[in-house]
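# Coordinates in review
Residues per chain are reported as follows:
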Amino acid sequence: VDGRLYVIAALPQADWARNARAAGEGVLAYGRHRRRVTLTEVTDPGLRRAVVRAFPTEVPHGVPFFVRLGLVKGGDPDEFAGVADRVAVFELTDPA
C-alpha cells in the first residue's frame, strides 16, 4: 500500500502475531530467498483501515480465510475496511 509492505493478522492473538510484537523483527522467507525485516504494529486507525481495505485487491487468494473466520462475507474492500479494528496490521521495513 503506497509503496510500503504490510502483513495482516486476521487473528490478532495468534502466536505469530504475539511473537512479532515481542520480537519486533523477523525473517521473510520464500524458497531460498531470505530477508530480515522489522515489524511495527500499525496503531493509526486510518492507516490500518486503508491497509485492510486494500487486502482483497492485493491478496485475493487470502479472502477465503477471512470468510472462514467470519470476519467478512466476501471480497468487498469496504467490508474489509469495516473489520480493521478487529485485526492486527504490521508494517515491514528493513532493519535500521
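The structure displayed is predicted, hence computed values, not measured ones. (Residues numbered from 1 in each chain as written. Predicted model: local features only at pLDDT ≥ 70, side-chain atom pairs only at ≥ 80, totals over all residues. Heavy atoms only, no water.)

## Some words on the packing of aromatic side chains
Going by this rule: Stacked, tilted and edge-to-face pairs are distinguished by plane angle, under 30 degrees for stacked and over 60 for edge-to-face with tilted covering the rest, among Phe, Tyr and Trp rings (Trp via its six-membered ring) whose centres lie within 6.5 Å. Here a strand is any run of E in DSSP of at least two residues, a helix any run of H or I of at least four, and the numbering for each starts at the N terminus. With a 1.4 Å probe rolled over the protein chains alone, any residue whose accessible area is under 20% of its type maximum counts as buried; one over 50% counts as exposed, and the rest are partly exposed.
One pass over the structure, following the stated rule, counts 5 aromatic pairs. Both rings, one in Phe55 and one in Phe66, keep their centres 4.8 Å apart while their planes meet at 45°; by these two values the pair is tilted. Here Phe55 is found in helix H2 (residues 45–58), whereas its partner Phe66 is found in helix H3 (residues 63–68), with 11 residues between them in sequence. No difference in accessibility class separates Phe55 from Phe66, as the two residues are buried. Three or more aromatic residues link up through ring pairs in this structure, and these residues are Phe55, Phe65, Phe66 and Phe80.

## Thoughts on the layout of surface pockets
The test is simple: Using a 1 Å grid laid over the protein atoms alone, points where a 1.4 Å probe fits but cannot get out form a cavity; open sets with protein on both sides within 12 Å along at least 5 of 7 lines form a pocket; any residue with an atom within 4 Å of a point counts as lining. Grid points are joined across faces, edges and corners, and a volume is the space filled by probe spheres set on the points.
In this structure, the largest pocket encloses a volume near 470 Å³. As for the largest pocket, its lining consists of 21 residues, of which Tyr6, Val7, Ile8, Phe55 and Val59 are closest to the centre. At the level of elements, strand E1 (5–9), H2 and H3 are the ones that each hand at least two residues to the lining of the largest pocket.

## Overview of the pattern of salt bridges
How we decide: For this document, the term salt bridge refers to a Lys or Arg side-chain nitrogen within 4 Å of an Asp or Glu carboxyl oxygen.
With the rule as written, the count across this model stands at 5 salt bridges. Note that Arg4 and Glu91 form a salt bridge whose closest N and O atoms lie 3.0 Å from each other. In this pair, Arg4 is assigned in the segment before E1 and Glu91 in strand E4 (residues 88–93), connecting sequence segments 87 residues apart. Among the ionic pairs, Asp78 bridges to Arg53, the shortest N-O distance being 1.9 Å.

## Concerning the side chain of Arg48
Rules: Charge assignment: positive for Lys and Arg, negative for Asp and Glu; neither His nor the chain ends contribute. The contact rule is simple, with two residues in contact once any of their heavy atoms fall within 4.5 Å.
Turning to its location among the elements, Arg48 is positioned in helix H2. Despite its burial, Arg48 remains without a salt bridge, the nearest opposite charge being carried by Glu41 at 6.3 Å. Apart from residues no more than four positions distant in its own chain, Arg48 is found in contact with Val42, Thr43, Ala84, Asp85, Val87 and Val89.

## Remarks on the side chain of Glu91
Since its relative accessible area comes to 15%, Glu91 is described here as buried. Dropping the residues within four chain positions of it, Glu91 is found in contact with Arg4, Leu5, Tyr6, Thr38, Leu39, Thr40 and Val42.

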